[in-house]
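# Tertiary structure, described
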Amino acid sequence: MSDQIKFIVEKLNQEPFKKNYNLITFDSLESMQLLQLLSDVLGEIDPKHAVDIREETPEQTAKRMLSLLGILKYKPPGSISDLSAFRQGLVTGSKPVIHPVLHWLLQRTNELKKRAYLARFLVRLEVPAEFLQDDTVAETNKQYEELMEAFKNLHKECEQLRTSGFSTAEIRRDISAMEEEKDQLIKRVERLKKRVETVQNHQRMLEIARQLRLEKEREESLAQQKQEQKNQLFHAEQRLQRVQLQLKEMHHAVVDSKPESLMKKLEEEIKFNSYLVTEKLPRELESKKKSLYFLQKVVVEPAMSQSDLNVLEIKINEVNAQINQLIEKRMMKYEPIDSKFSMYRQQASIIARKKEAKAEELQAAKEEMSNTERQMLQKTNQARELEGSEVLKGDEFKHYVNKLRSKNTYYKKKRLEIAEITAEYGILQRTEELLKQRHEAIQQQLQAIEDKKGISGYSYTQEELERVSAVKSEMDEMKGRTLDNMSEMVKKLNTMVADKKSNLAPVIKELRQLRQKCQELTQECDEKKVQYDSCAAGLESNRSTLEQEVKGLLEECIQEESNYRYINCMKRNIEVQLQRAKEEMKTYVSPDPQERRKAIRNLMVFLYFHGPNMKQVKMWQDFEQLMECKSECFLKQQNQTAIGQVIQEGGKDRLVL
């Protein structure tokens, strides 16, 4: 019980209930709260039952819950009196009644949801018989049943599609991929149309290509029709063989038979079939129905635990022990009176078992005979398909049947002779022994004579030669028959080849004309292609020369533009220098003595610092060249693989290989 409550609390704390119960709070729930909780669980299974029980009377609540539990096939434990207690406990909200119901519902919620959904459409409405006498009501009821069957089929198909593995995402991806392929094909067709429009007589060529495609499709359809007709012919030949075989079996059964024997066979078959129909098959059907009833009963009942199974096994053992005790008491009580009847009963049961065994053997023999007939048909078809195999046909088969009949009559005569000989067997046995002894003596004398004459083994060799000659004659006869069959087959093949040639002659003529047209079109296409290639090659060479000339002119233009800018810059520098020289000359020639002194002082300062400044400029230029050289060396070292290790010590660099 504690495990049951733990399971209920665990399920109620999960989605979609989220009750946040523990064992104490759940056990402390009142009857109304338990009923509301049961109603919530039923509402989760069937949304129509998601109601507040305070808004309805207790009778309505109990009726609603009992109806849904009946649809869900809940079986309360106990007998009929317990069922009334179950209804009363459901009305009052009793814990011993509510807890098992909650446990059963929460164990199989998904399955019960499906069952409740199907019950909305599959629970039949009970219409009274007097109402069904009305035509409109009967027709409406019939439409209702047809719709119910259609719903069953659609639901099965839906379940199969759900379990088949197809998903809408995959189907959408396939549709999008097919739409992309369709767009690509449309673009490709448009490009091909543009390319074809430039060709001369493209409409005529398209029409010829269309006719060729139609002829190919027609050829494929004719080939398919030919294959279908071959299959139909093969099946018809198989049916004809089966019918012929049945007809021959009927003829064989009728030949050398009398009406009394036929009637006797028919009576035996009728007895056997009536035994199957009246005794064997009803008994098997009854056993199957009983097993089906027990299986349905097991399926309907709720799931059983191991403890329940153990209890049932104990009950079964107890009932079997009681049955054995009752049988022993009965045997001890009625043994002296029923001793004679028991013997007859045993004999009757033994005969019934033997009868059932023989019936099963007969049925198995019939099934084996049908299987062998089926295999024989397959083997005959395989023999007909194999080339060079010998299959009896027409007169040969009649000759073979006559031969078998003669052998049958001969066998009957010999059987009568054997019966007569067996009657005289005791008399002739001694004679046989004497003849054997005499034969052995003669054989010894013959061997002695052959040894004397020097021809030992002559008689044995003579017998072997006669046997070999007989075998050779039989082989020659078989070879003659096979050669005749092969000649007939060759004639048939020649006629079939001639028919096929006559059928294919008009098609071959049309194909030759089309091939000739195709060759002309391909030759014209090759010529146009050569012209196009030569023209394209000339234009390509002219384009390459023009591009080279344009590149050369662009390079010259860029060079001239750079020269122009360099000259313009030099010109501006010279103008600036001239302007500065003019200003200095003005100061030197100025009438103001102060300006002249200032200019001379500036000149002296310039001359004094000119030499050191020039040295400093020279040093910066050298430093710049040194840094550029180092950067180039560093880049080269990065691009090349390392050939050693550079070590810096005391302001010096050492290369260690």
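Let us look at the structure shown here. Every value quoted in this text rests on a predicted model; they were computed, and no experiment measured them.

About the thresholds
- Residues numbered from 1 in each chain as written.
- Predicted model: local features only at pLDDT ≥ 70, side-chain atom pairs only at ≥ 80, totals over all residues.
- Heavy atoms only, no water.
- Helix = DSSP H or I, 4+ residues; strand = E, 2+ residues; numbered from the N terminus.
- Buried < 20%, exposed > 50% of the residue type's maximum accessible area, 1.4 Å probe, protein only.
- Areas by Shrake-Rupley, 256 points an atom, 1.4 Å probe, with all protein chains shown as cover.
- Expected span 1.5 Å × (residues − 1).
- Salt bridge = Lys/Arg side-chain N within 4 Å of Asp/Glu carboxyl O.
- Patch = residues over 30% accessible without salt bridge, like charges linked within 9 Å, V, L, I, M, F, W, Y side chains within 5 Å.
- Lys, Arg positive; Asp, Glu negative; His and termini not counted.
- Charge placed at Lys NZ, Arg CZ, Asp CG, Glu CD.
- Disulfide = S-S within 2.5 Å.
- Core = buried A, V, L, I, M, F, W, Y, C linked by side-chain atoms within 4.5 Å.
- Contact = heavy atoms within 4.5 Å.
- Axes fitted to C-alpha atoms, helices over the stretch in contact; angles between N-to-C directions.
- Parallel < 35°, antiparallel > 145°, perpendicular 65-115°, else oblique.
- Left-handed = near helix turned anticlockwise from the far one by under 90°.
- Nonpolar A, V, L, I, M, F, W, Y, C, P; charged D, E, K, R; others polar.
- Bend = angle between axes of the 7 residues up to and from the residue.

Okay, the overall build of the protein next. Along its length, the protein carries 18 helices and 2 strands. Considering the protein as a whole, with its 657 residues, one finds that 10% of them fall into the buried category. Roughly 56500 Å² of accessible area belongs to the protein as shown, and the carbon and sulfur atoms make up 58% of that amount.

Before going further, it helps to examine helix α6 (residues 95-107). Over its 13 residues, α6 extends 18 Å from the first C-alpha to the last, a length consistent with the 18 Å expected when each residue adds 1.5 Å. For α6, the complete set of buried residues consists of Val97, Ile98, His99, Val101, Leu102, His103, Trp104, Leu105 and Leu106.

Turning next to the pattern of salt bridges. A full pass over the atoms with the stated rule returns 10 salt bridges. Close ionic contact of Lys113 with Glu44 constitutes a salt bridge, the shortest N to O distance being 3.2 Å. With a gap of 69 residues between them, Lys113 in helix α7 (residues 109-122) and Glu44 in helix α3 (residues 31-45) connect regions that are remote in the sequence. As a salt-bridge pair, Glu417 and Lys414 come within 3.4 Å of each other at their nearest N and O atoms. Of this pair, Glu417 and Lys414 are both found in helix α15 (residues 395-423), 3 residues apart, which corresponds to roughly one turn of the helix. Note on Lys414: relative accessible area 30%, which makes it partly exposed. One salt-bridge network, in which partners are shared between bridges, spans Glu540, Arg543 and Glu547.

Once that is clear, we can look at a positive patch on the surface. A grouping of Arg596, Arg597, Lys598 and Arg601 is seen on the molecular surface, where their side chains present a positively charged patch. Along the chain, the position of Arg597 falls in helix α18 (residues 593-639).

Turning next to the state of the cysteines. For the coordinates displayed, the defined rule picks out 0 disulfides. Free of any disulfide, Cys629 has its nearest cysteine sulfur in Cys633, 4.2 Å distant.

So, about the environment of Leu514. The residue Leu514 is located in helix α17 (residues 458-589) in this model. Sequence separation between Leu514 and Ile208 is 306 residues, and the spatial gap between their C-alpha atoms is 8.8 Å.

In terms of nonpolar packing, the biggest core is built from 31 residues, with Leu12, Phe26, Leu38, Leu72, Leu102 and Leu105 touching the most fellow members. Sorting the residues of this core by element identifies α1 (2-12), α3, α4 (58-71), α5 (80-92), α6 and α7 as the ones contributing at least two each. Contact partners of Leu102, with chain neighbours within four places excluded, come to Ile8, Phe26, Leu37, Leu38 and Val41.

α6 packs onto α3 with a crossing angle of 20° between their chain directions and a minimal axis gap of 11 Å. Comparing the axis directions of α3 and α6 gives the class roughly parallel. Along this stretch, α3 crosses α6, giving a crossing that reads as left-handed. On the side of α3, the interface is formed by Leu34, Leu35, Leu37, Leu38, Val41, Leu42 and Ile45, while α6 contributes Lys95, Ile98, His99, Val101, Leu102, Leu105 and Leu106. Each residue belonging to the contact of α3 with α6 can be placed in one class, and the counts come to 12 nonpolar, 1 polar and 1 charged.

Among the surface-exposed residues, Glu179, Glu180, Glu181 and Asp183 lie close enough to one another that they form a single negatively charged patch. Within the secondary structure layout, Asp183 lies in helix α10 (residues 168-197). Accessibility expressed as a relative area gives 42% for Asp183, which makes it partly exposed.

We now examine α18. Between its first and last C-alpha atoms α18 spans 67 Å; for 47 residues at 1.5 Å apiece the expected length is 69 Å, and the two agree. The largest bend along α18 reaches roughly 40° and is located at His610, with the proline Pro612 sitting one to four residues downstream.

Attention shifts here to a nonpolar patch on the surface. The grouping of Leu125, Val127, Phe131, Leu132 and Val137 at the surface amounts to a nonpolar patch, some 410 Å² of accessible area in total. One can find Leu132 in helix α8 (residues 129-132).

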